[in-house]
Amino acid sequence: MSEATTTSESTTTSETTTTPETTTTSSETTTTTSQTTSTTTTFTGFQTPEPSANPIVIRGDFEKVPDSKLYSEQTDGIWTLGPEVYFYANGPYSAFSTVYGDKFLCTSSFGQGILEFSQALTNVPTESILTLSYAYYYLPYPAQGSFCSILVFHAGYLLDIFDLEGPGWMTRNVKVRAGSANGNLVFQIDCTSQAPRFTTYVLLDQIYIGPLPNPSPVFDGSFEFVPQSSLYSEGASSDNWALSAYYVSFYDESNVEGFSSPYGDKFVRITGGSGGEFLVSQNLISVDTTQPTTLQWSYNLAQQFGSIGTPCTFSVSYVGTEIDRYRLQLDEAGWQTRVVTFTPAFSSGTLQFYLGCYGEAPNAWTMIVLLDNIYIGPVQ
Ligand SMILES: [Ca+2]
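Residues numbered from 1 in each chain as written. Predicted model: local features only at pLDDT ≥ 70, side-chain atom pairs only at ≥ 80, totals over all residues.

Along the backbone of the chain there are zero helices and 27 strands. Counting the 380 residues in the chain, one finds 33% classified as buried. The contacts in the chain between residues at least 6 apart in sequence include a share of 75% that link residues at least 24 apart. (Helix = DSSP H or I, 4+ residues; strand = E, 2+ residues; numbered from the N terminus. Buried ≥ 20, exposed ≤ 12 C-beta atoms within 10 Å, placed from the backbone. Contact = placed C-beta atoms within 7 Å.)

This is the structure we're talking about:
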């Protein structure tokens, strides 16, 4: 067993400022003097994914949309645009512009309901990265506050839903779970909560779906893909995750106890006590056995009941071999992230998290531990 180190992690928001753009027309050259700021919105859970290097969406930057399709056509042969959705380009014919190249998508709604555009995709990995950039306006003003939502579907499954923020170009970059390898990728722009006093323009660009850059053998390590029907149910299962029969449940932040996680909306809640088996496990496949690998998880000793002392221990094993064991410390406040390096002996088998309170009379001790953010990946 290798030495274990504990690190803490925080959610970051990075901001980049783009340089002024040069617009060229046939008669003259103008340089836009105002600076446009684009902001990257990071996922509030797990590790912020990098945009995929192998996007599956075609023409996600719209740069190769033929000029003849601008402002009028409902398809370029790749994208299919619904009513009030058009291909746009920077320049004299457009009141709007993109900071990502030259072409983009513009939707305008004045009480028309939900606007839509789509593209047929094939070979979408189950765990994918969805990236898209947007900006929105009440002509000619950048919209402040959130009056519109974007919903993203693939093969009929909801991949993502979020409220637009602004002003300026914003980028959303999230891990999503594809419903199927093949199917239509559909974007819906919903500004219906905004009374039609203004025409709301939503611009879109840089739309990508692609495989995770470093796929982890642990599927859904942040529990964000746990279906609603599996929440708050002891002994539930979700995809490859399995929970032991008693006192272990998938939770989300709507729980009445007020528990939450910095790694998305969902997590696991374990009530560990003496004399029980409190397990969270997943059967892994495709684990690299040729080199040391990093196993990471985050936990929170959220509540404890019992006598003074800390008899409860957290233990992690892979295919029956203990990788780590540590005593939960009552003075540890909030979420802790633990990182262990080990060389897996087997390419497939069960990864298991176990909470136990040893050497105590039954029911002498219980503690509530939250678990989230489980990841296996290369040693950094
Ligand atoms: Ca989570």
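A word on unusual backbone geometry. Trans peptide bonds make up the majority, and among non-glycine residues the majority have a negative phi. In the Ramachandran plot, F223 falls in the positive-phi region, its phi being about 65° despite a non-glycine side chain. Note on placement: F223 falls in the loop between β16 (200-211) and β17 (237-238). The phi dihedral of Y247 is positive, around 65°, even though this residue is not glycine. Of note, Y247 is situated in the loop between β18 (241-243) and β19 (248-252).

Bringing the pairing of strand β13 (residues 157-163) into the picture now. As judged from the six bridges shared by strand β12 (residues 149-154) and β13, these two strands associate in the antiparallel manner. For L151, the partnering residue across the bridge sits in β13 and is I161. Where β12 hands over to β13, the hairpin turn is made up of two residues, of which A155 adopts a positive phi near 50°. (Pairing = 2+ DSSP bridges.)

In spatial order, the strands read β6-β9-β15-β12-β13; together these five strands make up an open sheet with antiparallel pairing. The outermost strands of the open sheet, each flanked by one partner alone, are β6 (80-81) and β13.

Looking now at the nonpolar core. L105, Y134, Y136, V202 and L203 are the most contacted members of the largest nonpolar core, which totals 45 residues. Those residues in contact with Y134 that lie beyond four places of it in its chain are I150, L164, M170, V202, L203 and L204. Counting 36 residues, the second-largest nonpolar core is a separate cluster that includes V226, I270, F314 and I374. (Core = buried A, V, L, I, M, F, W, Y, C linked by C-beta atoms within 7 Å.)

Before going further, it helps to examine the environment of V124. Mapping V124 onto the fold places it in the loop between β9 (115-121) and β10 (127-138). Taking the C-alpha atoms as reference points, V124 and G183, separated by 59 residues in sequence, lie 8.8 Å from one another. When residues no more than four places from it in sequence are discounted, the contact partners of V124 are I56, H154, A178, A181 and I209.

Glancing now at the sheet that holds strand β24 (residues 321-327). If you trace the six strands from one edge of the open sheet to the other, you get β17-β18-β21-β26-β23-β24, paired in antiparallel fashion. Every other strand in the sheet has two partners, leaving β17 and β24 as the edge strands with one partner each. Pairing between β17 and β18: two bridges, direction antiparallel. Counted as the bridge partner of S238 is W241 from β18.

As a further point, take the pairing of strand β27 (residues 365-378). Of all 14 residues that make up β27, 10 are buried, and the element is covered over most of its length. Where strand β20 (residues 266-273) lies against β27, six bridges are found, and the strand directions are antiparallel. Considered in β27, the bridge of R269 is made with L370.

With that settled, the discussion passes to the confidence of the model for the chain. Of the residues in the chain, 80% have a pLDDT of 70 or more, and the chain-wide mean is 81. Mean pLDDT values over the elements of the chain span from 32, in strand β4 (residues 29-31), up to 98, in β6. Segment residues 1-47 is flagged for pLDDT under 50; beyond a separation of four residues in sequence, or across chains, it makes 79 contacts in the model. (pLDDT = per-residue confidence, 0-100.)

Turning our eyes to something else, we now look at the environment of F342. In this fold, F342 is placed in strand β25 (residues 335-342). Its 20 C-beta neighbours within 10 Å are what place F342 among the buried residues. Sequence-wise, F342 and Q291 are 51 residues apart; in three dimensions their C-alpha atoms are separated by 8.5 Å.

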